[in-house]
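An overview of the molecular structure
Okay, here's what each chain looks like letter by letter:
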Amino acid sequence: MSMPPSILVLNAGSSSLKFAAYAAADGPPAPLCAGQVEGLGAAPRFRARGPGGEALAERRWEGGGAPATHEEALATIIAWLPEVLGAAPPRAIGHRVVHGGAEFAAPVRLSPPVMERLRALIPLAPLHQPHNLAGIEAAARHFPGVPQIACFDTAFHRTQPEVAERFALPDRFFRQGIRRYGFHGLSYESIARRLAREDAALGGARLVVAHLGNGASLCAIAGGRSVATSMGFTALDGVPMGTRCGQLDPGVVLHLLDAMGMTTAEVTRLLYHESGLKGLSGVSQDVREIEAAGGEAAERALGHFAYRVRREIAALATTMGGLDALVFTAGIGENAAGARARICEGLGFLGIALDPAANARNAPEIGAGPVRVLVRPTDEEGMIAAHCLALIAPATETLP
Ligand code: ADP
């Protein structure tokens with residue numbers, strides 16, 4: 001049986017390797033399967049699903065032979081992929097890379113010199129970039145000759161004006177790269193493109209997109225371009241997240257280090273892993289578990305989260321002189337009706353009001369005021385596949 005040429009998308013995290021495969025035919029890439037190897041280095045598990053979410057494969061390892069590295073995780077995925085893709089190698093492999101620095105404002109075909117430049121960005125994202133690059137190296141070894149393409153979480157934000165990118169530090173720090181980069185760019189780009197396809201008016205509109213998952217940020221998008229975002233130099237800034245603190249007076253960090261004698265490692269752990277919803281609730285980082293627990297601590301965590309997200313929505317609207325639509329996406333944004341209701345409470349002065357029944361069933365349109373309020377699924381992997389197709393497509397327009 002002949003299979004269509006495919007695009008493979010890889011997203012390498014600290015202890016997981018996620019993948020998705022798409023048919024590379026004409027038009028938008030069509031999903032074929034997606035899954036992951038998770039628990040690398042502990043108790044790994046491999047799972048794959050079809051385009052409708054149906055289970056295609058599941059494997060755990062007893063005794064030996066379990067994948068322990070990204071290289072071995074990729075080998076596990078590649079050994080299984082022919083069941084769906086056939087024997088032919090993918091036409092291209094797209095990689096999610098967290099940091100493209102100030103330089104990369106678009107996806108790029110990988111080569112040894114480009115890899116060198118991406119390695120130089122490791123100090124800007126020490127917890128993520130090394131894993132992303134390990135995934136690329138593993139894929140390049142497994143599929144020599146197949147184009148490898150990096151798609152950056154920062155790239156979509158490179159349209160921002162300089163005033164949005166700057167901290168109020170002496171200028172030399174900006175020139176040394178101490179600036180706001182922003183993240184979740186592939187998610188924002190996928191939402192902006194989807195809305196533009198749905199409705200040309202939304203394509204040109206002033207949007208605030210709230211990407212609320214384990215990581216959370218918001219982005220002001222005007223005419224399809226990012227103009228401001230809540231995350232800054234690292235993925236710690238902005239609104240509180242599952243375990244990250246979000247915006248924090250930098251004086252607190254100095255106090256923790258100097259007056260309280262904490263080490264850099266201890267402060268890093270506190271701000272990245274013990275704060276946010278988990279720290280505030282003392283229960284969990286998961287909104288569902290916090291809601292189930294209820295009580296004062298749950299109220300504190302969910303109330304604070306909503307308060308900060310609401311402030312950020314109003315602040316981002318200011319950067320565009322108003323807003324036409326608010327869009328919720330990612331795990332919390334797509335599913336947590338209670339969180340959306342808390343966030344929108346008190347935003348009536350901006351023209352935001354919810355239809356409670358539509359909100360309760362996660363309807364695509366949940367607004368009842370002059371500003372549209374939308375719920376849309378994010379599709380970072382699909383965005384990467386689309387970028388890959390665009391980069392490898394023959395450049396027919398340059399022919400005479
Ligand atoms: P990640 O950033 O890891 O990709 P997700 O976008 O999957 O995370 O978001 C995960 C979060 O979404 C969970 O922590 C949970 O709080 C929230 N979530 C998912 N489903 C629901 C639901 N049905 N109700 C409330 N919250 C939910």
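Just so you know, these numbers come straight off a predicted model, no measurement behind them.

Considering the overall build of the protein
Secondary structure assignment for the protein yields 17 helices and 13 strands. Here the C-alpha radius of gyration of the protein, 21 Å, is about what a compact globule of 400 residues would show, namely 21 Å. Principal axes of the C-alpha set define a box for the protein whose edges measure 60 × 55 × 50 Å. Going through the 400 residues of the protein one by one, you find that 49% of them count as buried. Intrachain contacts of the protein at a sequence separation of at least 6 include 62% that bridge at least 24 residues. Carbon together with sulfur atoms contributes 56% to the accessible area of the protein, which is approximately 18,200 Å² in total.

Points about the sheet that holds strand β1 (residues 6-12)
Read across the open sheet, the eight strands follow the order β5-β4-β3-β2-β1-β6-β8-β7; overall the sheet is mixed. Among the strands making up the open sheet, the edge pair consists of β5 (55-60) and β7 (108-109). Examined bridge by bridge, strand β3 (residues 30-38) and strand β4 (residues 45-49) share five bridges and lie antiparallel to one another. Bridging across to β4, Gln 36 finds its partner in Arg 47. Contacting β1, β2 (16-23), β3, β4 and β5, helix α1 (residues 70-80) runs over the sheet at an angle of about 35° to β2.

Focus: the environment of Arg 180
Within the secondary structure, Arg 180 sits in the loop between α6 (171-175) and α7 (185-198). With relative accessibility at 16%, the residue Arg 180 sits in the buried group. Sequence spacing of Arg 180 and Leu 218 is 38 residues, and the spatial spacing of their C-alpha atoms is 14 Å. Residues in contact with Arg 180, not counting those within four places in the same chain, are Arg 158, Ala 164, Glu 165, Arg 166, Phe 167, Thr 229, Ser 230, Met 231, Gly 232, Phe 233 and Asp 237. Side-chain polar atoms of Arg 180 contact the backbone oxygen of Ser 230, separated by 3.2 Å. Here Asp 237 takes part through its side chain, which lies 3.3 Å from a polar atom of the side chain of Arg 180.

Some remarks on the environment of Phe 143
By the element assignment, Phe 143 lies in the loop between α4 (129-142) and β8 (148-152). Relative accessible area serves as the criterion here: at 12%, Phe 143 is assigned to the buried category. Spatially, the C-alpha atoms of Phe 143 and Ala 353 are 51 Å apart, while their sequence positions differ by 210 residues. Setting aside its immediate chain neighbours within four residues, Phe 143 contacts Leu 8, Ile 78, Pro 89, Pro 90, Ile 93 and Gln 148.

What about the sheet that holds strand β10 (residues 216-222)?
Strand order in the open sheet formed by five strands is β11-β10-β9-β12-β13, with mixed pairing between adjacent strands. A single partner strand is all that each edge strand has here, and the edge strands are β11 (225-229) and β13 (372-375). Averaged over all pairs of adjacent strands, the angle between strand axes in this sheet comes to 25°, irrespective of strand direction. In terms of strand pairing, β10 meets β11 through four bridges, oriented antiparallel. Pairing of Ala 220 across the sheet is with Ala 228, part of β11. Packing of helix α13 (residues 295-320) onto the sheet brings it into contact with β9 (206-212), β10, β11 and β12 (325-329), and relative to β10 it is tilted by some 20°.

A closer look at α4
The end-to-end C-alpha distance of α4, which contains 14 residues, comes to 20 Å, matching closely the 20 Å that a straight helix rising 1.5 Å per residue would cover. Gln 129, Asn 132, Leu 133, Gly 135, Ile 136, Ala 138 and Ala 139 are the residues of α4 that are buried.

A few points about the packing of aromatic side chains
Overall, the coordinates contain five aromatic pairs when judged by the stated rule. Ring centres of Phe 46 and Trp 80 lie 5.7 Å apart, and the angle between their planes is 65°; this geometry places the pair in the edge-to-face category. A residue pair is termed long-range when its members are at least 10 positions apart, and Phe 46 in strand β4 and Trp 80 in helix α1 qualify at 34 residues. With respect to class, Phe 46 is no different from Trp 80; both count as buried. Ring geometry for Tyr 181 and Phe 233: centres 6.2 Å apart, planes at 40°, overall tilted. Of this pair, Tyr 181 sits in the loop between α6 and α7 while Phe 233 is found in the loop between β11 and α9 (250-258), placing the two residues 52 residues apart along the sequence. For Phe 233, a relative accessible area of 25% puts it in the partly exposed group. Cluster of aromatic residues (ring-pair linked, three or more members): Phe 19, Phe 46 and Trp 80.

Some words on the site of the ligand
Around the ligand, the structure places Gly 213, Asn 214, Gly 215, Asp 286, Val 287, Arg 288, Ala 330, Gly 331, Ile 332, Asn 335 and Ala 336. Between a nitrogen atom of the ligand and a side-chain N or O atom of Arg 288, the distance comes to 3.5 Å. When the ligand is considered free in solution it has 580 Å² of accessible area, and contact with the protein chains removes 68% of it. Broken down by element, the residue count for the shell around the ligand peaks at four residues, all from helix α14 (residues 330-335).

Considering the nonpolar core
If you look at the biggest cluster of nonpolar residues, it comprises 44 residues, and the most contacted ones within it are Leu 212, Ile 313, Leu 326 and Phe 328. Put simply, the parts of the chain that give this core at least two residues each are β9, β10, α12 (287-293), α13, β12, α15 (337-344) and β13. When residues of this core are assigned to their parent elements, the largest contribution, 10 residues, is made by α13. Leave out the neighbours within four places in its chain, and Leu 212 touches Ser 217, Phe 305, Val 309, Phe 328, Thr 329, Ala 330, Gly 331, Ile 332, Gly 333 and Ile 343. Counting 25 residues, the second-largest nonpolar core is a separate cluster that includes Leu 8, Leu 10, Trp 61 and Ile 77.

Criteria and cut-off values
The written sequence of each chain sets the order in which its residues are numbered from 1. Note on the predicted model: pLDDT of at least 70 is required for a residue's local features to be given, and 80 or more for side-chain atom pairs to be given and counted; whole-chain, interface and lining totals, by contrast, use all residues. Computation of side-chain values: all heavy atoms of the structure, hydrogens and water removed. In this text, helices come from DSSP runs of H or I with a minimum length of four residues, and strands from runs of E with a minimum of two, each type numbered from the N-terminal end. Computation of the radius of gyration draws on C-alpha atoms alone. For the globule rule, the value is 2.2 Å times the number of residues to the power 0.38. Partly exposed describes any residue whose relative accessible area lies between the buried limit of under 20% and the exposed limit of over 50%, with all areas from a 1.4 Å probe on protein chains only and scaled to the type maximum. The contact criterion used throughout is that any non-hydrogen atoms of two residues lie within 4.5 Å. What sets the accessible areas is the Shrake-Rupley method with a 1.4 Å probe; for residues, cover comes only from the shown protein chains. When DSSP finds two or more bridges between two strands, those strands count as paired. Axis geometry follows a simple rule: fit a line to the C-alpha atoms, using only the stretch in contact for helices, then measure angles between N-to-C directions, giving values from 0 to 180 degrees. Pairs of N or O atoms within 3.5 Å make up the polar contacts considered here, provided that, within protein, one atom can donate a hydrogen while the other can accept it, and that residues adjacent in sequence are counted only when both atoms are side-chain atoms. A helix is expected to span 1.5 Å for every residue after the first. Side-chain rings of Phe, Tyr and Trp, where Trp is taken by its six-membered ring, are said to pair if the distance between their centres is within 6.5 Å; with planes under 30 degrees apart they count as stacked, over 60 as edge-to-face, and otherwise as tilted. Any residue with a heavy atom lying within 4 Å of a molecule or strand is counted as near it. Residues enter a nonpolar core if they are buried and are Ala, Val, Leu, Ile, Met, Phe, Trp, Tyr or Cys, with the set joined through side-chain atoms within 4.5 Å.

The quantities given are spatial measurements derived from coordinates; they are silent on function.
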